[in-house]
Amino acid sequence: MERLIFTNALGQTVIFDESGVYRWLEVDDLGGLEADFMTSSSPFQDGLTSVGDAYFTAKAIKVKFVVVAIELDEALRSLNSLLNPKLGLGKLTYERGGKKYVLNKVKTRTLPGLPGTPSRGIGYQVTSIIYEVFDSYFTDEEYLEASVSTGDNCLEFPVNIFDSFVFDYTNTTGIVVTNSGDVECPLTVILDGPKNSPLTIENMDTGEKIVLAMNLLANERLTITTGIDDINVIKEDLLTGDKSVAFQYIDVAQTSFFRLPRGTTTLKITAGEAEVEEAAIKFKQRWVGI
């Protein structure tokens, strides 16, 4: 079964499927992306020189569907209310074969029109809408999460030994995280206090760091996000729920809000001189198509 779900900024949903009130007929440009390039040229040069990386542009998705309802006017009125772009950014979730792919930062560009016969009859109306997708990558629906592990006892034996021994102990510095998507993706790092200054998150493969000159107290939580348009550092009091921006603690000279590259990456988190034993890494993989 295939279906397309639009969720607006208020959490309200519209489902386009094969048998509901809003039955889709066709969807244009759901999976395709269009890349753009920066170029330069010299006098008398043949062709152009590509400069830097390719980047994907925003795109439009047109959904043609038929509204099937006894109370047709009410179904259309409700649809317009849910699709209202003034509500803010929503998202599109495409379901196919038990898998879900999400397009984020979506607004309705064109609300459903009301063409006349033969597109309209008793209990049905054929119409269409156009969505503007500002972030063209597909992502996971839910966050993937990895937890810090600094070591583990692998083997235990029911044996009495008078001296102290540890059997097959692994001491893994940092946490290994795998991004199986097509491109790098933003990170969310969550640390709970108490933790000593400085707090450091380091990509052991590239040397990139995020460094904060702050002590994290008991019952305090620090959340760091590294999206290009969603870079943030938030401190939260877990007892009161109060949140405050903590950018003032960033060591600008050492910090790069890096993202998780494709493949396997080792991250190391430290507080003061000690390696942090409890922390969470969250991310959503991103794909250029489905």
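The paragraphs below set out a description of the structure included in this document. Within each chain, residue numbers correspond to sequence positions counted from 1 in written order. Owing to the predicted nature of the model, reporting of local features is limited to residues with pLDDT of at least 70; listing and counting of side-chain atom pairs is limited to 80 or more, with chain, interface and lining totals taken over all residues. Computation of side-chain values: all heavy atoms of the structure, hydrogens and water removed.

1. Digging into the overall build of the protein chain
Line of reasoning, step 1. Strands here are runs of E lasting at least two residues and helices are runs of H or I lasting at least four, both read from the DSSP assignment and numbered beginning at the N terminus. When helices and strands are tallied, the protein chain shows one helix and 25 strands.
Line of reasoning, step 2. Our radius of gyration is a C-alpha quantity, and the globule rule it is checked against amounts to 2.2 Å times the number of residues to the power 0.38. Relative to the globule expectation of 19 Å for 290 residues, the C-alpha radius of gyration of the protein chain, 25 Å, shows a markedly less compact shape.
Line of reasoning, step 3. If one aligns the C-alpha atoms of the protein chain with their principal axes, the spans along those axes are about 90 × 65 × 40 Å.
Line of reasoning, step 4. Here, two residues are considered to be in contact whenever any of their heavy atoms come within 4.5 Å of each other. If you take every contact in the protein chain between residues at least 6 apart in sequence, the share linking residues at least 24 apart comes to 66%.
Line of reasoning, step 5. The Shrake-Rupley method, run with a 1.4 Å probe, gives the accessible areas here. Residue values count only the displayed protein chains as cover. Of the roughly 16700 Å² of accessible surface on the protein chain, a fraction of 49% belongs to carbon and sulfur atoms.
Line of reasoning, step 6. A positive count includes Lys and Arg, and a negative count includes Asp and Glu. His and the chain ends are not counted in either. Where a charge sits is defined by one atom per residue type, namely NZ (Lys), CZ (Arg), CG (Asp) or CD (Glu). The centroid of the 26 positive side-chain charges in the protein chain is displaced by 8 Å from the centroid of its 41 negative side-chain charges.

2. Description of the packing of aromatic side chains
Line of reasoning, step 1. Ring geometry is summarised as follows: Phe, Tyr and Trp rings, the Trp one being its six-membered ring, pair when their centres sit within 6.5 Å, and such pairs are stacked at plane angles under 30 degrees, edge-to-face over 60 and tilted between the two. For the structure shown, the criterion picks out eight aromatic pairs.
Line of reasoning, step 2. Here Phe-6 and Tyr-131 contribute two aromatic rings whose centre-to-centre distance is 5.0 Å and whose plane-to-plane angle is 25°, an arrangement assigned as stacked. Linking Phe-6 in strand β1 (residues 2-7) with Tyr-131 in strand β10 (residues 124-133), this pair joins segments that are 125 residues apart in sequence. In this pair, the class of Phe-6 matches that of Tyr-131, namely buried.
Line of reasoning, step 3. On the numbers, 6.3 Å between centres and 55° between planes, the contact of Phe-16 with Tyr-22 is tilted. The classification of residues rests on relative accessible area computed with a 1.4 Å probe and restricted to protein chains. Under 20% of the type maximum is buried, over 50% is exposed, and intermediate values are partly exposed.

3. So, the side chain of Glu-220
Line of reasoning, step 1. If you trace the backbone, Glu-220 turns up in strand β19 (residues 220-227).
Line of reasoning, step 2. Salt bridge criterion: a side-chain nitrogen from Lys or Arg within 4 Å of a carboxyl oxygen from Asp or Glu. Buried within the structure, Glu-220 lacks any salt-bridge partner; its nearest side chain of opposite charge belongs to Lys-235, at an N-O separation of 4.1 Å.
Line of reasoning, step 3. Identification of polar contacts relies on pairs of N or O atoms within 3.5 Å, with a donor-acceptor requirement for protein atoms, meaning one able to donate a hydrogen and the other able to accept it, and with residues adjacent in sequence counted only if both atoms are side-chain atoms. A polar contact of 2.8 Å, which involves the side chain of Glu-220, links it to the backbone nitrogen of Leu-217.
Line of reasoning, step 4. Discounting residues that sit within four places of it in the chain, Glu-220 has contacts with Leu-191, Asp-192, Gly-193, Asn-215, Lys-235, Glu-236 and Leu-238.

4. Regarding the environment of Thr-200
Line of reasoning, step 1. Tracing the backbone through its elements, the reader meets Thr-200 in strand β17 (residues 199-203).
Line of reasoning, step 2. In this view, Thr-200 contacts Lys-209, Ile-210, Val-211, Lys-268, Ile-269 and Thr-270; residues no more than four positions away in its chain are not counted.

5. Some words on the pattern of salt bridges
If the charged atoms of two oppositely charged side chains come close together, the side chains can form a pair.
Line of reasoning, step 1. Applying the stated criterion across every chain, the model contains eight salt bridges.
Line of reasoning, step 2. Across the pair Arg-3 and Glu-95 runs a salt bridge whose closest N-O atoms are separated by 3.0 Å. One end of the pair, Arg-3, is in strand β1; the other, Glu-95, is in strand β7 (residues 90-96), and 92 residues separate them in sequence.
Line of reasoning, step 3. For Glu-95, a relative accessible area of 12% puts it in the buried group.
Line of reasoning, step 4. A salt bridge links Glu-141 to Lys-100, with the nearest nitrogen and oxygen atoms 3.6 Å apart. Of this pair, Glu-141 sits in the loop between β11 (138-139) and β12 (144-147) while Lys-100 sits in strand β8 (residues 99-110); the two residues are 41 residues apart in sequence, bridging distant segments of the chain.
Line of reasoning, step 5. Where salt bridges share partners, they join Arg-3, Glu-95, Lys-100 and Glu-141 into one cluster.

6. Observations regarding the side chain of Thr-188
Line of reasoning, step 1. Mapped onto the elements, Thr-188 comes out in strand β16 (residues 188-192).
Line of reasoning, step 2. Residue class for Thr-188 comes out buried when judged on its relative accessible area of 12%.
Line of reasoning, step 3. If near-sequence neighbours (up to four positions away) are discounted, Thr-188 is found in contact with Tyr-143, Thr-223, Ile-224, Thr-225, Ala-280, Ile-281 and Lys-282.

7. Some words on helix α1 (residues 72-83)
Line of reasoning, step 1. Between the first and last C-alpha of α1 there are 17 Å, a value that for 12 residues agrees with the 16 Å anticipated at 1.5 Å per step.
Line of reasoning, step 2. Every buried residue belonging to α1 is among Leu-72, Ala-75, Leu-76, Leu-79, Leu-82 and Leu-83, and all of these are buried. For α1, the buried positions fall inside an angular range of 125° around the axis, keeping them on one side. Exposed side of α1, more than 90 degrees from the buried face: Asp-73, Glu-74 and Arg-77 are the residues found there. One less than the residue count of a helix, multiplied by 1.5 Å, gives the span that helix is expected to have. This arc is taken over the directions from the axis of the helix to the C-beta atoms.

8. Quick word on the sheet that holds strand β20 (residues 230-237)
Line of reasoning, step 1. With antiparallel pairing, six strands are arranged side by side in an open sheet as β12-β24-β16-β19-β20-β21. What marks the edges here is a single partner per strand, and that holds for β12 and β21 (243-245). For this sheet, the mean angle separating the axes of adjacent strands, direction not counted, is 20°. Two strands pair under a simple rule: DSSP has to find at least two bridges between them. Angles shown run from 0 to 180 degrees and are taken between the N-to-C directions of axes, each axis being a line fitted to C-alpha atoms and, for helices, limited to the stretch in contact.

9. Some thoughts on the pairing of β20
Within a regular strand, side chains alternate between the sheet's two faces.
Line of reasoning, step 1. When β19 meets β20, the two strands line up antiparallel, connected through eight bridges. Considered in β20, the bridge of Thr-225 is made with Asn-232.
Line of reasoning, step 2. Pairing analysis gives three bridges linking β20 to β21, with the strands arranged antiparallel. Within β21, the residue paired with Glu-236 across the bridge is Lys-243.

The values are spatial; any link to function lies outside them.
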